[in-house]
Amino acid sequence: MRIGVYGGTFNPPHLGHITAAKAVFELLKLDRLLLIPAREPPHKVLPAGSPTAGQRLELTRLAADQMGLGGNVQVLDIELRREGKSYTSDTLEQLHAQYPDAEFWLLMGTDMFLTFQAWRDPAKILGLAGIAAFGRTQSDTRELFLVQQDYLHRTYPDARIFTLTLPHVVEISSTELREELGRGGGQQYLPPAVYGYILRQGLYGTAADLKHLTPEQLRPVALSYLKHKRIPHVLGTEQEAVRLAERYGADVKMAREAALLHDCTKKLDTEEQLELCSRYGVELDELERNALKLMHAKTGAAVAKYVFGEPEEVVEAIRWHTTGKAGMSVLEKVLYLADYIEPNRDFPGVEELRQACYRSLDEGLLMGLQMTADEMNQRGNPIHKNTLEALSELKGKNGRG
Ligand code: DGI
Ligand code: FE
Ligand code: FE
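Rules used in this analysis
Residues numbered from 1 in each chain as written. Chains lettered and ligands numbered in written order. Predicted model: local features only at pLDDT ≥ 70, side-chain atom pairs only at ≥ 80, totals over all residues. Heavy atoms only, no water. Pairing = 2+ DSSP bridges. Helix = DSSP H or I, 4+ residues; strand = E, 2+ residues; numbered from the N terminus. Axes fitted to C-alpha atoms, helices over the stretch in contact; angles between N-to-C directions. Contact = heavy atoms within 4.5 Å. Expected span 1.5 Å × (residues − 1). Buried < 20%, exposed > 50% of the residue type's maximum accessible area, 1.4 Å probe, protein only. Core = buried A, V, L, I, M, F, W, Y, C linked by side-chain atoms within 4.5 Å. Salt bridge = Lys/Arg side-chain N within 4 Å of Asp/Glu carboxyl O. Donors = N, O, S within 2.8 Å, 3.2 Å for Na, K, Ca; no water. UniProt positions renumbered as here; feature names shortened; annotations may be inferred. Near = heavy atom within 4 Å. Polar contact = N/O pair within 3.5 Å; in protein donor to acceptor, adjacent residues only side chain to side chain. Domains from an automatic or database assignment. Nonpolar A, V, L, I, M, F, W, Y, C, P; charged D, E, K, R; others polar.

Novice: How do you make sense of the sheet that holds strand 4 (residues 103-109) when you look at a structure like this?
Specialist: Backbone-to-backbone hydrogen bonds pair the strands of a sheet. The strands run either parallel or antiparallel. Read from one edge of the open sheet, six strands run 3-2-1-4-5-6, paired in parallel fashion. Both outer strands of the open sheet, strand 3 (73-75) and strand 6 (161-165), are each paired with one neighbouring strand and no more. The average undirected angle you get between the axes of adjacent strands in this sheet is 25 degrees. This element, helix 4 (residues 88-98), spans strand 1 (2-8), strand 2 (32-37), strand 4 and strand 5 (129-135) of the sheet and lies at about 150 degrees to strand 4.

Structure, rendered in structure tokens:
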């Protein structure tokens, strides 16, 4: 197994790191990539006011998730947990013990490569891993790299060194990026979810008021709560909710905010859901306590209310987006159906459901609720009483009309 090891302070992880790591992953045909945030970099001190270790870990996890390599990229906290300076030689020793048969490649940019002989234990490092050094320009890679590569080969005859030019790698210095973030910029150098997490936590001098975000700020913040694969769904729901709100006269701003936040707790496990319930006083009924998939609507509503100060209409729309209920408002129906028919949804019958939604909101709602009930029956899952009440209310209306 070929494993890439990419260490750094990741303060913050940005598109420069991500594009380089992805390119090396492809070029070296790696099986796995390990991103390892350093606790204390050996060659510099972390600037004052840097995020905590836990925040840098989370930032790196969000960045890793954005690489689209699935489980092939992992973020390890082994350096964050080890006391003192983070030496690569120690880390590689630890990894080698864990994966004795793996072939390790150490990823590094120009600056690190050119100073490699000054690292602690270069001989030990080169015994445990090859170096994959990447430069951003031809001149970096050809001239400077050749001299250094020659030197290392003469000094460490068994060294494996692979140098690559990655012309499409974004040129960014973390120092400048941090300064730009403090001035309200920098967004273009970061994956949206990483930027959103920075805003959410107020890192690097960003001082966004979470209770009064513009849609342009709320969008990345909302994405920072999601797993990579759910991002298109939430953006699709936003689009669809805005469209339905315009058509049926719901408040467009509220529809947008409800859609962006509706699944913000979806990735949490049962224990984390229950923790939010006790923090925000969310009450669950018996079925909800036993169905993880039903909890996220309730906890998502609480986060929208207490973290983002959303108005009650938005909070309620999120609260009922999974089960529906009798007596739904137009905004609640809009979110329920936008979630169901957004452009990325692709299940048998979705086209009929879309057409029904654009003929009449209640016709769509009835069809959607019925589809959920049928599917629950097929899978042998209990149907929530709110869903049943919503259904019988709509059927009653239809019967009378
Ligand atoms: O969060 P999304 O996946 O975007 O969509 P959602 O919030 O509508 O959640 C759908 C999931 O919730 C789906 O896996 C089925 C589950 N669900 C919806 N209604 C019921 C339900 N599960 C049970 N047990 N009972 C229900 O009435
Ligand atoms: Fe949901
Ligand atoms: Fe959803």
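Still to come is the rest of the account.
Novice: Is there a simple way to explain helix 19 (residues 361-379) in this structure?
Specialist: Residue pairs spaced three or four apart in an α-helix point in one direction, given the helix's 3.6 residues per turn. Over its 19 residues, helix 19 runs 27 Å from end to end, which matches the ideal 27 Å to within 8%, given 1.5 Å per residue. Taken together, the buried positions of helix 19 are occupied by L361, G364, L365, L366, G368, L369, T372, A373 and M376. Immediately downstream of helix 19, the backbone of G380 shows phi near 75 degrees, a positive value.

Novice: Help me out: how do you make sense of the pairing of strand 5 in this one?
Specialist: Burial runs high along strand 5: seven of the seven residues are buried. A two-sided burial pattern is seen for strand 5, the buried positions comprising A129, I131, A133 and G135 on one face and G130, A132 and F134 on the other. Pairing geometry for strand 4 and strand 5, over six bridges, is parallel. Its bridge partner lying in strand 5, G109 is registered against F134. With five bridges joining them, strand 5 and strand 6 adopt parallel strand pairing. If you follow F134 over to strand 6, its bridge partner there is L164.

Novice: Sorry, what's going on with the nonpolar core here?
Specialist: General note: in soluble globular proteins, nonpolar side chains tend to be found buried as a group. Membership of the largest hydrophobic core comes to 97 residues, with the highest contact counts inside it found for V24, L33, L35 and F308. With eight residues, the top contributor of residues to this core is helix 17 (residues 330-341). F308 has contacts with L210, K211, L213, L218, V221, Y225, L261 and V303, leaving out every residue within four places of it along the chain.

Novice: Can you walk me through the pattern of salt bridges in this structure?
Specialist: For side chains bearing opposite charge, pairing can occur when the charged atoms are close. Counted under the stated rule, the structure contains 19 salt bridges. As a salt-bridge pair, R243 and E240 come within 3.0 Å of each other at their nearest N and O atoms. Pair noted here: R243 and E240 are both in helix 11 (residues 231-248), with a separation of three residues, about one helical turn. One salt-bridge network, held together by shared partners, links E216, R219, E238 and R256.

Novice: I keep staring at the coordination of the iron ion (ligand 2) and nothing clicks. Help me out?
Specialist: Each pair of donors in an ideal octahedron of six around a metal sits at 90 or 180 degrees, and each pair in an ideal tetrahedron of four sits at 109.5 degrees. Taken together, the protein ligands of the iron ion (ligand 2) are D263 (OD), H296 (NE2) and H321 (NE2), with distances of 2.1 Å. Considered as a linear motif, the donors of the iron ion (ligand 2) on their single chain read D-x32-H-x24-H. Here the iron ion (ligand 2) and the iron ion (ligand 3) are spaced 3.5 Å apart, with D263 acting as a shared donor. In this pair, D263 is assigned in the loop between helix 12 (252-261) and helix 13 (270-280) and H321 in the loop between helix 16 (312-319) and helix 17, connecting sequence segments 58 residues apart.

Novice: Sorry, what's going on with the UniProt feature "domain: HD" (unreviewed entry) in the protein chain here?
Specialist: Look at the UniProt record and you will see "domain: HD" (unreviewed entry) annotated at residues 232-343. With 70% helix and 0% strand, the stretch residues 232-343 has end C-alpha atoms that lie 9 Å from each other.

Novice: Explain the site of ligand 1 here, please?
Specialist: Contacts to ligand 1 come from 18 residues, most closely from K266, H321, T322, P382 and H384. Between ligand 1 and D263, the relevant distance is 3.1 Å, taken from an oxygen atom to a side-chain nitrogen or oxygen of the residue. The set of elements that each furnish at least two residues to the shell around ligand 1 consists of helix 15 (292-306) and helix 19. The element contributing the most residues to the shell around ligand 1 is helix 15, with three residues.

Novice: Is there a simple way to think about the environment of L274 in this case?
Specialist: Note that L274 resides in helix 13. Spatially, the C-alpha atoms of L274 and G135 are 47 Å apart, while their sequence positions differ by 139 residues. Beyond its immediate sequence surroundings of up to four residues, L274 is in contact with L284 and M295.

Novice: Honestly, the domain arrangement of the protein chain in this entry has me stumped. Any pointers?
Specialist: One frequent convention defines the size of an interface as the accessible area lost when the parts assemble. The assigned domain composition of the protein chain is domain 1 (2-165), domain 2 (174-223) and domain 3 (233-397). For domain 1 and domain 2, the distance between their C-alpha centres works out to 26 Å. Joining domain 1 to domain 2, the criterion identifies zero salt bridges. When residues of the side of domain 1 that touches domain 2 are traced back to their parent elements, those giving at least two are helix 1 (15-27) and helix 2 (53-65). Considering each element in turn, the side of domain 1 that touches domain 2 owes the most residues, five residues, to helix 2. In terms of residue class, the side of domain 1 that touches domain 2 is made up of nine nonpolar, five polar and one charged.

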